[in-house]
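So you can see what is in the structure, the chains are spelled out below.
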2 protein chains.
Amino acid sequence: MRYRFYNAKILTMKEYEDIFDGEIYVKDDRIEYVGPKKPEEGDFDRQIDVENNLLMPGFKNAHTHSAMTFLRSLADDLPLDAWLHEAVFPREAKLSPEDIYHLSKLAILEYLTSGVTGVFEMYLTPDSIADAFEDCGMRCVQTGSLNDFSQSVEKLEEWYLKYNKEDSLNSFIPGFHAEYTCSKSLLEKVADLAHKYKTPVWCHNSETVFEVESCKERNGGLTPTLFLDSLGIFDHGGGGYHCVYLSDEDVAVFKKRGMGIVTNPASNAKLASGMADVTRYIEAGIEVAIGTDGPASNNCLDMFREMFLTEAFAKLANKDASALDARKVLHMATVGGARVMGLRDCDVLSPGKKADMIMIDLKQPNMQPVNNIAKNLVYAGSKQNVKMTMINGAIRYMDGEFFVGEDRDEIYRKAQEITDTLTRS
Amino acid sequence: MRYRFYNAKILTMKEYEDIFDGEIYVKDDRIEYVGPKKPEEGDFDRQIDVENNLLMPGFKNAHTHSAMTFLRSLADDLPLDAWLHEAVFPREAKLSPEDIYHLSKLAILEYLTSGVTGVFEMYLTPDSIADAFEDCGMRCVQTGSLNDFSQSVEKLEEWYLKYNKEDSLNSFIPGFHAEYTCSKSLLEKVADLAHKYKTPVWCHNSETVFEVESCKERNGGLTPTLFLDSLGIFDHGGGGYHCVYLSDEDVAVFKKRGMGIVTNPASNAKLASGMADVTRYIEAGIEVAIGTDGPASNNCLDMFREMFLTEAFAKLANKDASALDARKVLHMATVGGARVMGLRDCDVLSPGKKADMIMIDLKQPNMQPVNNIAKNLVYAGSKQNVKMTMINGAIRYMDGEFFVGEDRDEIYRKAQEITDTLTRS
């Protein structure tokens, strides 16, 4: 397929490049041309009048547990402990790989409505998850959710070798759930794997005060970051999800190892974990990205809300309305995400890059008048502004319709059926 | 006009009433019937199949400065002081009543996309604002923005007498900008007005630490609430916008005087003012509502984002994931707003009440699977879910189209023209 998008405003997200008027050509899975209007060159299968709306790189949802859709709004307003042990764990234990396939598809629909073109996924059954993303045409970087009771280092190795094929929508980076759910001997095996393949490793890290304090008690005063690093797990980089409570020493480790951080502000707020101040991490030179976390703790998968919250928490934590320029947040949600996920070709709009691109409706009242589109996306943008989501050169969502190989209502029906079965017993 | 809405899920927002399946009849400006499906009674001008989506009362945006749309994204990421004195005040000084008319209309379009059926407005020229709301068919309760440099107590009295006619879309409650912009002698005249008409009085109150501390310095240690109350301003009730920093003594005054509080979480975050913990106010028995504040400090007019933020700040401030049940937030955004705005007939869906009603699209992925619709509205809802906004029995927004007596693009064009003129010089 060859597309021409004309009459467009274009935000490439290349550093220091402002929005300009022009055209984008897409050929198969890649961007062919980005620049000013020019005489049509060659044949196109489809020409789309962008009507002066905005084309920009898709958002990267850099931390999520997609299939937790079944828990959405099932157990809100509970203390964290009761939520985990009474609402989440007993039901998760009953999930089959096929359940996770269908529940992931429901999440994929929501990603599309929010302009997400790639996710950094961590959940129970990587094979059925990869199938769901492949079948829907959505890009997915998975990491392991290894802990003492589920998955194994051998399985991580198997998935790592299986899912990192050139030009696939699926890829895999080794990872584990968190320090507090893994024995030291298991973590040492993870370090061996990292060394064997010189690969980065990801995990939940320093989400709550309790997590940090109990880790220090268990491990001679070492924080999760210092303890895990002492085992050699981050010798080839990687990163942490949440990172609400990092000490200056922790931040120095992230910097030294070239690690990334994914902030999850809505989840941290809803579970009362705290506010991550990402300005500290950015100033230290760390690549920071943004994720929704799973729909059980959020409850939605909306990158616009996460962008605003990232700003809100930075300004509140610093007591400074000028903290964290909105352009930086837009970078985190697009380029930053691509970088920490290892998606080298999915960061900006430029010839040769993957065509992971969205169209933003500037004709909604929240985008009027036009003063500063880039900043307004962060402060006023909403799912309602997403007109199109294209992944790998294929339109998967446009004007409210989904193109994911299965009917929307059928995906809803299956997700509801699975949810009803899981929650009845 | 007589409408029948059938195949609906209905959330009346009457206390303790759960969502049920049924029908709603609307006759002229009022609700005629709410209840289970029944044989059609009489003639209808229009019958609408709700397709199992949700009907509920419209949101009340209980604090806003609508015409500030022209400043949206013009000056973000500035320190509060520079923002006010360099970006806002010099441009506001050049606004004509006609400018404010057109700029208010742009805000009205956005309210409609967010399911807002009534706003509590505070801005410079009440007459041209009332015209804008009347012409678009949107409900508006105005208060004064009186201060030492603009408006007068005589004008407040004139507007109070002019705009409180039975069955009008416009009403007026006396108010002033804030303690720190009004001299004591002016405030004493406001108190006289309150006594003359036994009317409530509203103002910005305790938005920042600086505001509270400087008021105490000026007024013998009295907080804004205590100082204003000492003048008799709140002898017949009223309330405060923002209220981020209320002492226990302040809260006691609000309770004793039957005053309301409007929280503005997005604005408080973007301007780094702080987090209001509304649970304290609710526990004290005060009626709390939610507002967006103006689009210059937010930048959008989105009640879904405000509801989530109200939750987020309550949970973070209390370090407790169970703080503030989502049903309470839904109450604040609908019934609470109607109550503090004096809109006795616009609170719940019930026969005889005004037909201020919205339809929520439950077929979007963020509303699936269906576990708890009411809570999910607060945690996952988005403008994208608003299918219809009806005010006073008239559909003003449906499936992305506006019905406000003027073309959407014409409203955009005028707002842009005014913005360009104001910001050029």
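J.: I would appreciate a short explanation of the packing of helix H12 (residues 326–340) of chain A against helix H13 (residues 373–380) of chain A in the present structure.
T.: How two helices pack is summed up by the angle between their axes together with the distance between the axes. Residues and elements named next belong to chain A. One can describe the packing of H12 onto H13 by two numbers: an axis separation of 8 Å at closest approach and a directional angle of 75°. As far as their axial angle goes, H13 and H12 are roughly perpendicular. Packed against H12, whose contacting residues are Ala326, Arg327, Val329 and Leu330, the element H13 presents Ala374, Lys375, Leu377, Val378 and Tyr379 at the interface. For the contact of H12 with H13, the residue count by class is seven nonpolar, no polar and two charged.

J.: Explain the domain arrangement of chain A to me, please; I cannot follow it from the model alone.
T.: Put simply, an interface is often sized by how much accessible area is lost when its parts join up. Residues and elements named next belong to chain A. The assigned domain composition of chain A is domain 1 (2–57 + 353–402) and domain 2 (59–340). Look at where the C-alpha atoms of domain 1 and domain 2 centre, and you get two points 28 Å apart. Between domain 1 and domain 2, the residue contacts involve 20 residues of the former and 23 residues of the latter. When residues of the side of domain 1 that touches domain 2 are traced back to their parent elements, those giving at least two are H13, strand S15 (386–391) and strand S16 (394–398).

J.: Would you explain the interface of chain B and chain A in this entry?
T.: With 54 residues of chain B at the contact, the number on the chain A side is 54 residues. Contributing elements (two or more residues each) for the side of chain B that touches chain A: helix H1 (80–92), helix H2 (97–113), helix H9 (265–270), helix H11 (303–318), helix H13 (373–380) and helix H14 (408–424) of chain B. Counting residues per element, the side of chain B that touches chain A draws most heavily on H11(B), which supplies five residues. Taken together, the residues that form the side of chain B that touches chain A break down as 25 nonpolar, 16 polar and 13 charged.

J.: Please explain the nonpolar core as it appears in this structure.
T.: Counting residues in each nonpolar core, the largest one holds 272 residues, and the members touching the most others are Ile24(A), Leu55(A), Ile24(B) and Leu55(B). Taken domain by domain, this core gets at least three of its residues from each of domain 1 (2–57 + 353–402) and domain 2 (59–340) of chain A. Apart from residues lying up to four places away in sequence, Leu55(B) is in contact with Phe5(B), Ala8(B), Ile10(B), Ile24(B), Val50(B), Leu349(B), Met357(B) and Met359(B).

J.: How should the sheet that holds strand S14 (residues 287–290) of chain B be read in this particular structure?
T.: Within a sheet, each strand pairs with its neighbour through backbone hydrogen bonds, oriented either parallel or antiparallel. All names here are of chain B. Spatially, the five strands line up as an open sheet ordered S10-S11-S12-S13-S14, and their pairing is parallel. Each having just a single partner strand, strand S10 (175–178) and S14 make up the two edges of the open sheet. Mean inter-strand twist for the sheet, computed between neighbouring axes without regard to direction, equals 20°. Bridging between strand S11 (residues 201–205) and strand S12 (residues 238–242) involves five bridges; their strand directions are parallel.

J.: Help me understand the pairing of strand S9 (residues 170–173) of chain A, please; the structure alone is not making it clear to me.
T.: One face of the sheet, then the other: side chains in a regular strand alternate in exactly this way. Residues and elements named next belong to chain A. Here S9 shows two buried faces, one formed by Asn170 and Phe172 and the other by Ser171 and Ile173. Inspection of the sheet shows strand S8 (residues 139–143) paired to S9 by four bridges, in the parallel sense. Bridge pairing in S9 places threonine 143 opposite isoleucine 173. Taken together, S8, helix H4 (residues 153–162) and S9 constitute a β-α-β crossover, and its handedness is right-handed.

J.: Explain the sheet that holds S9(A) here, please?
T.: Residue and element names in this part refer to chain A. Taken together, four strands build an open sheet; the order of strands is S6-S7-S8-S9 and the sheet is parallel. At either end of the open sheet lies a strand with only one pairing partner, and these are strand S6 (59–64) and S9. Sheet twist, expressed as the mean angle between neighbouring strand axes with direction ignored, is 20°. The pairing of S6 with strand S7 (residues 116–122) spans four bridges and is parallel. Residue pairing in the sheet places phenylalanine 59 in a bridge with valine 116 of S7. The strands touched by helix H3 (residues 126–136) within the sheet are S7, S8 and S9, with S8 carrying the most contacts at an inclination of about 170°.

J.: Help me understand unusual backbone geometry in this model?
T.: Between Asn298(A) and Asn299(A) the backbone carries a cis peptide bond, its omega angle lying at 5°. Along the chain, Asn299(A) turns up in the loop between strand S13 (287–290) and helix H11 (303–318). Put simply, Gln368(B) and Pro369(B) share a cis peptide bond, and its omega is -15°. Looking at where Pro369(B) falls in the secondary structure, it is placed in the loop between strand S15 (357–360) and H13. Positive phi values are uncommon outside glycine, yet Gln151(A) reaches one of about 60°. By secondary structure assignment, the location of Gln151(A) is in the loop between S8 and H4.

J.: Honestly, the pairing of S16(A) in this entry has me stumped. Any pointers?
T.: Residue and element names in this part refer to chain A. Here S15 pairs with S16 via four bridges, running antiparallel. Opposite methionine 388, over in S16, you have methionine 398 as the bridge partner. Bridging between S16 and strand S17 (residues 401–402) involves two bridges; their strand directions are antiparallel. The residue of S17 that forms the bridge with methionine 398 is glutamate 401. Joining the antiparallel neighbours S16 and S17 is a turn of two residues, in which aspartate 399 adopts a positive phi near 45°.

J.: Honestly, the relation of the copies chain B and chain A in this entry has me stumped. Any pointers?
T.: Relating the two copies of this chain is a rotation about some axis coupled with a shift parallel to it. Least-squares fitting of chain B to chain A yields an RMSD of 0.0 Å, with the transformation described by 0.0 Å of translation along the axis and a rotation of 180°. Such a turn and shift between the copies fits a two-fold axis. Residue Gln384(B), judged by its C-alpha, is the member of chain B lying nearest the rotation axis, at 2.4 Å. With an isologous cut-off of 70% or more, the 100% of interface residues of chain B that recur at the interface of chain A puts this contact in the isologous class.

Conventions and cut-offs
Position numbers for residues start from 1 in each chain and track the written sequence from start to end. Written order determines the labels here, with chains lettered from A and ligands numbered from 1. The predicted origin of the model limits local features to residues at a pLDDT of at least 70 and limits the giving and counting of side-chain atom pairs to 80 or more, whereas totals for whole chains, interfaces and linings rest on all residues. Angles here are taken between N-to-C directions and fall from 0 to 180 degrees, while the axes themselves are lines fitted to C-alpha atoms, restricted in helices to the stretch in contact. Counting from the N terminus, the helices are the DSSP runs of H or I reaching at least four residues and the strands are the DSSP runs of E reaching at least two. Should an angle fall under 35 degrees it is taken as roughly parallel, and over 145 as roughly antiparallel, whereas 65 to 115 is taken as roughly perpendicular and any remaining angle as oblique. C-beta atoms are placed from the backbone for every residue, and two residues are taken to be in contact when these atoms lie within 7 Å. Classification used: nonpolar for Ala, Val, Leu, Ile, Met, Phe, Trp, Tyr, Cys and Pro, charged for Asp, Glu, Lys and Arg, polar for all others including Gly. The source of the domain bounds is an automatic or database domain assignment. For this entry, the nonpolar core is defined as buried Ala, Val, Leu, Ile, Met, Phe, Trp, Tyr and Cys residues connected by C-beta atoms within 7 Å. With C-beta atoms placed from the backbone, the exposure class of a residue follows from how many other C-beta atoms lie within 10 Å of its own: 20 or more, buried; 12 or fewer, exposed; in between, partly exposed. Pairing between strands requires that DSSP locate at least two bridges from one strand to the other. The crossover handedness rule: strands pointing away from the viewer, path from first strand over the helix to second strand clockwise, crossover right-handed. Here the copies are matched by least squares. The fit uses the C-alpha atoms of residues with pLDDT of at least 70 in both.

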